[in-house]
Amino acid sequence: ANEGLVGIQISNAGDGGQVASLVKVASETDFASRSDVFSTFVQEVANAAAAVDRVDALPDVAKFVDESQNAEGKRLTELLNDAILSIRENLQVESIHVLKTSSTKSV
């Protein structure tokens, strides 16, 4: 998978600070990475990563995708499979990074 997108989500944390997530999702072609289905999936992964309480819970990307849900309660694995079926191309969440800060002025 040589193509893909990077998604980012910046939001307010419960402790008054901010949290930012950066995710990389790979696809086989640039055609897939330009589709609405793909970009929506990337954003769902970024949103789910930003909602994680502990940053150290993210080192295993496959486990995160398997165990996490979007805001509507649908598992990321299901969303990934739906996107693969829709686009008809292999997709892979390659990396997830989360940064939390206690300041509202920086992430």
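Conventions adopted
- Residues numbered from 1 in each chain as written.
- Predicted model: local features only at pLDDT ≥ 70, side-chain atom pairs only at ≥ 80, totals over all residues.
- Heavy atoms only, no water.
- Patch = residues over 30% accessible without salt bridge, like charges linked within 9 Å, V, L, I, M, F, W, Y side chains within 5 Å.
- Areas by Shrake-Rupley, 256 points an atom, 1.4 Å probe, with all protein chains shown as cover.
- Salt bridge = Lys/Arg side-chain N within 4 Å of Asp/Glu carboxyl O.
- Helix = DSSP H or I, 4+ residues; strand = E, 2+ residues; numbered from the N terminus.
- Core = buried A, V, L, I, M, F, W, Y, C linked by side-chain atoms within 4.5 Å.
- Buried < 20%, exposed > 50% of the residue type's maximum accessible area, 1.4 Å probe, protein only.
- Pairing = 2+ DSSP bridges.
- Axes fitted to C-alpha atoms, helices over the stretch in contact; angles between N-to-C directions.
- Contact = heavy atoms within 4.5 Å.
- Polar contact = N/O pair within 3.5 Å; in protein donor to acceptor, adjacent residues only side chain to side chain.

In this structure, what is going on with a nonpolar patch on the surface? I would like to understand it.
Taken together, Val6, Ile8, Ile10 and Leu22 make up a surface patch of nonpolar side chains, about 360 Å² in accessible area. With three residues, the top contributor of residues to the nonpolar patch is strand 1 (residues 3-12). As for its position among the elements, leucine 22 is in strand 2 (residues 18-27).

I keep staring at the nonpolar core and nothing clicks. Help me out?
One broad rule of soluble globular proteins: the nonpolar side chains tend to lie buried together. Grouped together as the largest cluster of nonpolar side chains are 25 residues, with contacts concentrated most on Phe41, Val45, Phe64, Val93 and Ile96. The set of elements that each furnish at least two residues to this core consists of strand 2, helix 2 (36-50), helix 3 (61-67), helix 4 (76-87) and strand 3 (91-101). The element best represented in this core is helix 2, accounting for eight residues.

Which parts of the structure should I look at to understand the pattern of salt bridges?
Opposite charge on two side chains allows them to pair when their charged atoms are near. For the coordinates displayed, the defined rule picks out four salt bridges. Notably, a salt bridge pairs aspartate 30 with arginine 34, separated by 3.5 Å at the nearest N-O pair. Residue classification places aspartate 30 among the partly exposed residues on the basis of a relative accessible area of 38%. For arginine 34, a relative accessible area of 60% corresponds to the exposed category. Two residues, aspartate 66 and arginine 75, come together in a salt bridge whose shortest N-O distance is 3.3 Å.

Could you clarify how one ought to interpret unusual backbone geometry in this entry?
Note: most peptide bonds trans; most residues except glycine with negative phi. Within the chain, arginine 88 stands out as a residue other than glycine whose phi angle is a positive 65 degrees. Turning to its location among the elements, arginine 88 is positioned in the loop between helix 4 and strand 3. You can call arginine 88 exposed: its relative accessible area is 75%.

Quick question: what am I supposed to make of the sheet that holds strand 1 here?
Hydrogen bonds between backbone groups are what pair the strands of a sheet, and the pairing can be parallel or antiparallel. The three strands lie next to each other as 1-2-3, forming an open sheet whose pairing is antiparallel. The strands lining the two open edges of the sheet, one partner per strand, are strand 1 and strand 3. Between one strand axis and the next, the sheet turns by 15 degrees as a mean value, whatever way the strands run. Here strand 1 pairs with strand 2 via ten bridges, running antiparallel. In the sheet register, isoleucine 8 faces strand 2, and the bridge partner there is leucine 22. Across the face of the sheet, helix 2 comes into contact with strand 1, strand 2 and strand 3 while running at roughly 40 degrees to strand 1.

Just to check I follow, could you spell out the environment of valine 98 for this structure?
Topologically, valine 98 is positioned in strand 3. Put simply, valine 98 and alanine 51 are 47 residues apart on the chain and 9.6 Å apart in space, counted from C-alpha to C-alpha.

Is there a simple way to think about the side chain of serine 27 in this case?
Among the structural elements, serine 27 can be located in strand 2. A polar side-chain atom of serine 27 sits 3.0 Å from the main-chain carbonyl oxygen of threonine 29.

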